[in-house]
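Now for the letters of each chain:
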Amino acid sequence: MQLLLVEDDATMRTTLQRSLARRGFEVTAVGDGLAALAEISARPHDAVVLDLSLPGLDGLQVLQQARARGLRTPVLVLTARGTVGDRVLGLNAGADDYLPKPFDLDELEARLRALMRRSAEQQEVRPAAPAEITLGALRHDRLSGMFYLHDEPMELTPREQALLRSLLQHPGRALSKEKLYEAVFPGQTEVQYEAIEVVVYRLRKKLADTGVSLMTLRGLGYLLKADA
């Protein structure tokens, strides 16, 4: 059972890694959000244990970006933020379960095994997600996270990647500014909604004359389509 543990406290990380290993889990442990996203992209895991208070990208941002990239692995949020509001935020961001600190190790193990069991049952009847998404000359490799245009790698900022990824995952469907804001600026409540228009403008310029258009549908949002 492959488990990814994301915990910034070194003592807690080492203790949990050893304790879970003794219980039959093969644990990879990292201490910050960027390392967590890199590990999630690099190899599959059976479950992720994710702390919210992380340096760099916090846990909510990691979770939202990982889900936007197509992560279907069950995620258990393990954190000292134990209020109802914090739990709702975590679950809405894509968490499958939530266990506040301090916690009992037996309960953590039981919850992890239950998550893995449900995930395995769902995968038996759910078709596998495609490794690539294509739209006209545009191609997205879900495993590497790379975007290609006419088979040439695209130079995109992280925010442009998040926007393009969200649009590609909903072909033929307009996404609202609010929905795209959540994907591009996860957890950044100080950023105005209008900031998404800047990212759209820059991405639209990079797609100009490529056969793929980023359209604005008044009152509905934005739509990515291949030109006829």
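Because the structure is a prediction, the values reported are computed rather than measured. (Residues numbered from 1 in each chain as written. Predicted model: local features only at pLDDT ≥ 70, side-chain atom pairs only at ≥ 80, totals over all residues. Heavy atoms only, no water.)

Peer 1: So what exactly am I meant to see when it comes to the confidence of the model for the protein here?
Peer 2: The predicted coordinates should not be examined in detail at positions where pLDDT is low. Mean pLDDT over the protein works out to 84, with 90% of the residues at or above the 70 mark. Within the protein, helix α4 (residues 84-93) has the poorest average pLDDT of any element, 68, and strand β2 (residues 26-30) the best, 93. (pLDDT = per-residue confidence, 0-100. Helix = DSSP H or I, 4+ residues; strand = E, 2+ residues; numbered from the N terminus.)

Peer 1: How do you make sense of the side chain of D97 when you look at a structure like this?
Peer 2: Position of D97 among the secondary structure elements: in strand β5 (residues 97-100). A polar atom in the side chain of D97 sits 2.8 Å from the side chain of R111. Dropping the residues within four chain positions of it, D97 is found in contact with V75, L76, V77, L91, R111 and L115. (Polar contact = N/O pair within 3.5 Å; in protein donor to acceptor, adjacent residues only side chain to side chain. Contact = heavy atoms within 4.5 Å.)

Peer 1: Quick question: what am I supposed to make of the packing of helix α7 (residues 177-184) against helix α8 (residues 195-207) here?
Peer 2: The angle between the axes and the distance between the axes are what describe a pair of packed helices. Two elements in contact, α7 and α8, have axes separated by 10 Å at closest approach and are oriented at 85°. Taken as axis vectors, α7 and α8 run roughly perpendicular relative to one another. For the pair formed by α7 and α8, the contact residues are K177, L180, Y181 and V184 on the first element and I196, E197 and V199 on the second. The residue inventory of the contact of α7 with α8, partitioned by class, reads five nonpolar, no polar and two charged. (Axes fitted to C-alpha atoms, helices over the stretch in contact; angles between N-to-C directions. Parallel < 35°, antiparallel > 145°, perpendicular 65-115°, else oblique. Nonpolar A, V, L, I, M, F, W, Y, C, P; charged D, E, K, R; others polar.)

Peer 1: For this particular structure, what's the right way to read the pattern of salt bridges?
Peer 2: Close approach of charged atoms lets side chains of opposite charge pair. This structure, assessed with the given rule, holds 13 salt bridges. A salt bridge links D97 to R111; its shortest N-O distance comes to 2.8 Å. Of the two residues, D97 is situated in strand β5 and R111 in helix α5 (residues 105-125); the sequence distance between them amounts to 14 residues. Across the salt bridge formed by R139 and D151, the nearest N and O atoms sit 3.5 Å from each other. (Salt bridge = Lys/Arg side-chain N within 4 Å of Asp/Glu carboxyl O.)

Peer 1: How should I be thinking about the packing of helix α6 (residues 158-168) against α7 in this particular structure?
Peer 2: Two numbers describe how α6 lies on α7: the axes approach to 9 Å, and their chain directions differ by 130°. Compared by their axis directions, α6 and α7 come out oblique. Seen from above, α6 lies across α7 with right-handed handedness. Seen from α6, the contacting residues are R159, A162, L163, S166 and L167; seen from α7, they are L180, A183 and V184. Split by residue class, the contact of α6 with α7 holds six nonpolar, one polar and one charged. (Left-handed = near helix turned anticlockwise from the far one by under 90°.)

Peer 1: Would you explain the pairing of strand β4 (residues 75-79) in this entry?
Peer 2: Residues in a regular strand point their side chains to alternate faces of the sheet. With five of five residues buried, β4 lies mostly within the body of the structure. The alternating pattern of β4 places V75, V77 and T79 on one face and L76 and L78 on the opposite face, and all of these are buried. Where the polypeptide runs from strand β3 (residues 47-50) across helix α3 (residues 59-68) and back to β4, its parallel neighbour, the crossover connection is right-handed. The pairing of β4 with β5 spans four bridges and is classified as parallel. Following the sheet pairing, T79 is matched in β5 by P100. (Buried < 20%, exposed > 50% of the residue type's maximum accessible area, 1.4 Å probe, protein only. Right-handed = clockwise from strand over helix to strand, strands pointing away. Pairing = 2+ DSSP bridges.)

Peer 1: Please clarify how the sheet that holds strand β6 (residues 132-135) should be interpreted in this entry.
Peer 2: One open sheet holds the four strands; their spatial order is β6-β7-β8-β9, and the pairing between them is antiparallel. Here the strands that pair on one side only, and so sit at the sheet edges, are β6 and β9 (152-153). Pairing geometry for strand β8 (residues 147-149) and β9, over two bridges, is antiparallel. Counted as the bridge partner of L149 is E152 from β9.

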